[in-house]
Amino acid sequence: MSYRGMVAEVVEIKGHNGDTIEAYYARPLGSGPYGGVVLIHHAPGWDEWIMEATRKLAHHGFAAIAPHLYHREGGGGSPDDAAAKARGDGGVHDAQVMGDIAGSMAYLRAQPHANGKVGVIGFCSGGRHAYLAGCSLPGFDAVVDCWGGNKLGEEKPGRGEKRPVAPITLTGNLTAPVLGIYGNDDKNPSPADVNVTEETLKRLGKKYEFHRYDGAGHGFFNAARPAYRPEQAIDGWNKVYAFFEKYLTK
């Protein structure tokens, strides 16, 4: 189902350690109830495409929120500048990200139009964060990993302190089903990396479905980038909508 009307705005939420951070929030107009989705932005930051993706989820019937994970690096200023500073510092600590995601989940569940079910989706580094959240935070009903790399512990020098645990090692803790969306031309995660993730989920008896796209690389959903692949992106988004419809609305 699609909704022609929606509310979309920047709100304040309580994140890690009770910090107040910005988040972009969009929901269909009406009383609902609606399933909720926490959307985790990619390494480029809390940018226009992330807000567009948040609205796409609202258009398809979900209350979606995208926390500004780099807010502390420049909240109130340019999101691009905040993202540049965060990347220059080697990203943000996993524990902080998990705290902000938990705060986003709590915000969604507290809304009067919520049906109580919440999923999480992330892109690029946010895909890794979504997988980690599914393994670390109780309460998610569905997890979507869109080309999230670095889940296997293969870190760049100097980043280990902020990413102390490889998400793949926590897969046994997963209770929610996982949807994986990947491009076969991607380098991180490579097809071999995706194989390892799938083999781990299968070995541990987790519920999952993976979709891999030929002719697509990293970030192929993003129409503002040269990597955009319209045919694969349309099919991938439809897979996302169907997955969330199955687990967040029934």
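Residues numbered from 1 in each chain as written. Predicted model: local features only at pLDDT ≥ 70, side-chain atom pairs only at ≥ 80, totals over all residues. Heavy atoms only, no water.

Novice: Explain the environment of Cys124 to me, using residue names and the numbers behind them.
Specialist: Mapped onto the secondary structure, Cys124 falls in the loop between strand E5 (114-123) and helix H4 (125-136). The class of Cys124 is buried, set by a relative accessible area of 17%. The spatial distance from the C-alpha of Cys124 to the C-alpha of Leu179 is 14 Å, given a sequence separation of 55 residues. With near-sequence residues (within four places) excluded, Cys124 lies in contact with His42, Ala43, Cys146, Trp147, Gly148, Gly149 and His218. (Helix = DSSP H or I, 4+ residues; strand = E, 2+ residues; numbered from the N terminus. Buried < 20%, exposed > 50% of the residue type's maximum accessible area, 1.4 Å probe, protein only. Contact = heavy atoms within 4.5 Å.)

Novice: With reference to specific residues and values, describe the pairing of strand E1 (residues 6-14).
Specialist: As defined by bridge partners, E1 adjoins strand E2 (residues 20-28) across 9 bridges and the pair is classed as antiparallel. Each bridged residue has a counterpart across the sheet, and for Glu9 the counterpart in E2 is Tyr25. Here E1 folds back onto E2 in antiparallel fashion, the turn holding 5 residues, of which Asn17 has a positive phi close to 60 degrees. (Pairing = 2+ DSSP bridges.)

Novice: Talk me through the packing of helix H3 (residues 94-110) against H4; I want residue IDs and the actual numbers.
Specialist: Running from N to C, H3 and H4 cross one another at 75 degrees; their axes reach a closest spacing of 10 Å. In terms of orientation, H3 and H4 fall into the roughly perpendicular class. Contact residues: Asp94, Val97, Met98 and Ile101 in H3; Arg128, His129, Leu132, Ala133 and Ser136 in H4. Classifying every residue of the contact of H3 with H4 by side-chain character gives 5 nonpolar, 2 polar and 2 charged. (Axes fitted to C-alpha atoms, helices over the stretch in contact; angles between N-to-C directions. Parallel < 35°, antiparallel > 145°, perpendicular 65-115°, else oblique. Nonpolar A, V, L, I, M, F, W, Y, C, P; charged D, E, K, R; others polar.)

Novice: Which residues make up the pairing of strand E3 (residues 34-40), and what values do they have?
Specialist: With 7 of its 7 residues buried, E3 lies for the most part within the structure. Both E3 and E5 contribute to a ladder of 6 bridges, which runs parallel. Within E5, the residue paired with Gly36 across the bridge is Val118. Where E3 and strand E4 (residues 63-67) come together, 3 bridges link them in parallel fashion. Note on E4: the bridge partner recorded for Gly36 is Ala63. With respect to chirality, the unit in which E3 leads through helix H1 (residues 48-59) into the neighbouring parallel E4 is right-handed. (Right-handed = clockwise from strand over helix to strand, strands pointing away.)

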